[in-house]
Amino acid sequence: MGPISVTRAIDAPRELLFDFVADLANRPAFTDHFIGEFRLERFESASVGAAARMQIHKAGLWMETVIVEAARPYRILEQGHGGRLDRIPILTAWELVEGPGSATTEMTVRFGTEPLHPVDRLRELRRGERFYRRQWSTALSRLKDLIESGRHAERVVIAGGARAPVT
C-alpha cells in the first residue's frame, strides 16, 4: 500500500505537539480506537530509539514501530515491521508545519506498508488504503481535541519501570 496522508490544523504550538507525538507512551490516548495491546519496548518512550509493539484491531495485524529520526520540531520518522513473521515493512512519518497563526500547527501523518509476500498483498487489498486513511483521520481529530482541550493524556508505562533509577 502506498503511503496515505492525512493533515489537520491544530491550535497549539509546534513544539508542544512534537513533544507529545514523539513520546510513544502518549499514542494510545488518540489511537486506541483502532490500535490495541499497546506495549512499550524500552523504558525511554520518547525520541530516537523509542519503540512500541501494538495490534491493529480489525486486521489482527501486530506491528512494531521504532522512532529512527526526530528533527525537533519539524519531523518524526518511524520505521517498523508487522504482519506474520514481521515481514511487512511499515513507515510512519509525522510532519509539523507552522500555521498562519503563531500558535497554529499543520500536522500531517503519512503511513505506508510494503508487503512483499503475495499473501500479505492479498490481505492488504481487503484492508487497504481506505481503512488506514479513515483510522488515521480519526486519530488526528482525537489528537486535536485532546491537545486543544488541555486534558491530561493517560500514558502507557512499563511494568516495574518506576523502580528503575532515574538518570
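Check the entry above for the structure.
Residues numbered from 1 in each chain as written. Predicted model: local features only at pLDDT ≥ 70, side-chain atom pairs only at ≥ 80, totals over all residues. Heavy atoms only, no water.

Enquirer: Describe the packing of aromatic side chains, naming the residues involved and giving the relevant values.
Expert: Applying the stated criterion across every chain yields a total of seven aromatic pairs. When the centroid spacing of 5.4 Å and the interplanar angle of 80° are considered together, the rings of Phe34 and Trp136 count as edge-to-face. On the criterion of sequence distance, the pair formed by Phe34 in the loop between α2 (28-31) and β2 (35-40) and Trp136 in helix α3 (residues 118-149) is long-range, its members being 102 residues apart. Taken together through their ring pairs, the aromatic side chains of Phe20, Phe30, Phe34, Trp94, Phe111, Phe131, Tyr132 and Trp136 make up a single cluster. (Phe/Tyr/Trp six-rings, centres within 6.5 Å; stacked < 30°, edge-to-face > 60°. Helix = DSSP H or I, 4+ residues; strand = E, 2+ residues; numbered from the N terminus.)

Enquirer: So what about the sheet that holds strand β1 (residues 4-10)? Which residues, and what values?
Expert: Spatially, β1-β7-β6-β5-β4-β3-β2 is the arrangement adopted by the seven strands of the open sheet, whose pairing is antiparallel. Bordering the open sheet on either side are β1 and β2, each of which pairs with just one other strand. Taken over all neighbouring pairs, the strand axes of this sheet differ in orientation by 20° on average, direction set aside. Judged from the six bridges that link them, strand β3 (residues 51-56) and strand β4 (residues 61-71) form a sheet pairing that is antiparallel. Following the sheet pairing, Met54 is matched in β4 by Met63. Those strands touched by helix α1 (residues 14-22) are β1, β4, β5 (75-82), β6 (88-98) and β7 (105-113), and its axis lies near 160° from that of β6. (Pairing = 2+ DSSP bridges. Axes fitted to C-alpha atoms, helices over the stretch in contact; angles between N-to-C directions. Contact = heavy atoms within 4.5 Å.)

Enquirer: Lay out the nonpolar core with the relevant residues and their values.
Expert: Counting 42 residues, the largest nonpolar core has Phe38, Ile56, Trp94, Met107, Tyr132, Trp136 and Leu143 as its most contacted members. Contributing elements (two or more residues each) for this core: β1, α1, β2, β3, β4, β6, β7 and α3. Counting residues per element, this core draws most heavily on α3, at eight residues. Contact partners of Leu143, with chain neighbours within four places excluded, come to Ile10, Phe20, Val21, Phe30 and Met107. (Core = buried A, V, L, I, M, F, W, Y, C linked by side-chain atoms within 4.5 Å. Buried < 20%, exposed > 50% of the residue type's maximum accessible area, 1.4 Å probe, protein only.)

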